Structure formats: C-alpha cells, structure tokens
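# Chain and residue survey
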Amino acid sequence: METQSGRNKMDEVAPTDWTDSGVETIHTIDWTGKRHQLACAKERHESVDVCIFEPLTGKFVLRLKEKADRLYVADFFRDGREEIILLNGNQFHIHQNDRPNPRLNKKSLWANHNYRRLKQCHNYYSP
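Quick look at the structure, then.

Reading the values: the criteria
Residues numbered from 1 in each chain as written. Predicted model: local features only at pLDDT ≥ 70, side-chain atom pairs only at ≥ 80, totals over all residues. Heavy atoms only, no water. Buried < 20%, exposed > 50% of the residue type's maximum accessible area, 1.4 Å probe, protein only. Helix = DSSP H or I, 4+ residues; strand = E, 2+ residues; numbered from the N terminus. Pairing = 2+ DSSP bridges. Patch = residues over 30% accessible without salt bridge, like charges linked within 9 Å, V, L, I, M, F, W, Y side chains within 5 Å. Areas by Shrake-Rupley, 256 points an atom, 1.4 Å probe, with all protein chains shown as cover. Salt bridge = Lys/Arg side-chain N within 4 Å of Asp/Glu carboxyl O. Contact = heavy atoms within 4.5 Å. Axes fitted to C-alpha atoms, helices over the stretch in contact; angles between N-to-C directions.

### Here's the deal with the pairing of strand β3 (residues 48–53)
- Counting buried residues along β3, six of its six residues qualify, which places the element largely inside the surrounding structure.
- In this structure, strand β2 (residues 38–43) lies alongside β3, joined through four bridges in antiparallel fashion. The partner of A41 across the bridge, within β3, is C51.
- Here β2 hands over to β3 after four residues, with H45 in that stretch at a positive phi of 60°.
- In textbook terms, the turn of a hairpin is the stretch between consecutive antiparallel strands, and for β3 and strand β4 (residues 60–68) this stretch comprises six residues, one of which, G58, has a positive phi near 80°.

In structure tokens, the structure reads:
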C-alpha cells in the first residue's frame, strides 16, 4: 500500500537505512512471552538485516544487523518464547530476548502438537 508521497507505509516507520524493497520471509514471533505476538522478517531479496516489528503499525521493535540468508523462528531454548535463528553463509546465529520472561510458568511451545507440526512444514511460501 502506497501513501500520497509514493512511499509505502513501512517506509515511514522503518529505520532510514532500511531497504525500500520492504520485508520478506515474515514469521509471527512470541518474542516477549506476553500474550501478543510480533512479526519477524528480513529485508526483501537481500542477505542482510532482520527485524521484529508490530504487525498492525509496522513499528520496528528490534533490528539485528546481520547477513541473513535464511530466517527461522522457533522456541529453541524451550522457555515459551521464540528465538530468531539465522543462516549466515555456513553459520547459524541464534538471537534470544535477554529480558526476563514475564510468564515463567509457561510451557515450551513444543508441548503444543500444532506448533510442532507447523514447524515441520516450513517453506518459503508457508512460514
């Protein structure tokens, strides 16, 4: 969706040096441990930065300066929150939320049968 200025709405809230091509490989992410989910994506058609943003506003919550070729999101540490897993060339980089988890008693997301099934069926068109 473009605004009257010819820019799309994400351009208006993204960091000034973020690509004009937008985002791709978009995943929902349970980053905070709270009840709302955010979105995680990488710059479109590039092996570069990754961001977490609010899906309704496009506001960036976190930007990771990376060279991400592939992007995955999963409850890697089994704490009920999801981590960002990146393929950078031939290396994996895992980024986790370093803030305290507000819901310490939350089970690992892997305990949910549907979550396990969805993570097994990942591909570019159905993340």
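Don't stop here, the text continues.
### Focus: unusual backbone geometry
- Look at R78: it is not a glycine, yet its phi comes out positive at around 55°.
- Relative to the helices and strands, R78 resides in the loop between β5 (70–74) and β6 (83–88).
- Given a relative accessible area of 55%, R78 falls into the exposed group.

### A few points about a nonpolar patch on the surface
- Among the surface-exposed residues, F76, F77 and I94 lie close enough to one another that they form a single nonpolar patch of about 280 Å² accessible area.
- Along the chain, the position of F77 falls in the loop between β5 and β6.

### Describing the environment of E43
- Structurally, the position occupied by E43 is in strand β2.
- Spatially, the C-alpha atom of E43 lies 6.1 Å from that of G22, the residues being 21 residues apart in sequence.
- Once you skip the residues sitting within four places of it in the chain, E43 turns out to touch W18, T19, G22, E24, V48, D49 and R63.

### Topic: the sheet that holds β6
- With antiparallel pairing, three strands are arranged side by side in an open sheet as β5-β6-β7. Each having just a single partner strand, β5 and β7 (91–95) make up the two edges of the open sheet. Averaged over all adjacent pairs, the angle separating strand axes in this sheet is 20°, with direction ignored.

Take it as geometry only, folks, not as evidence of what the structure does.
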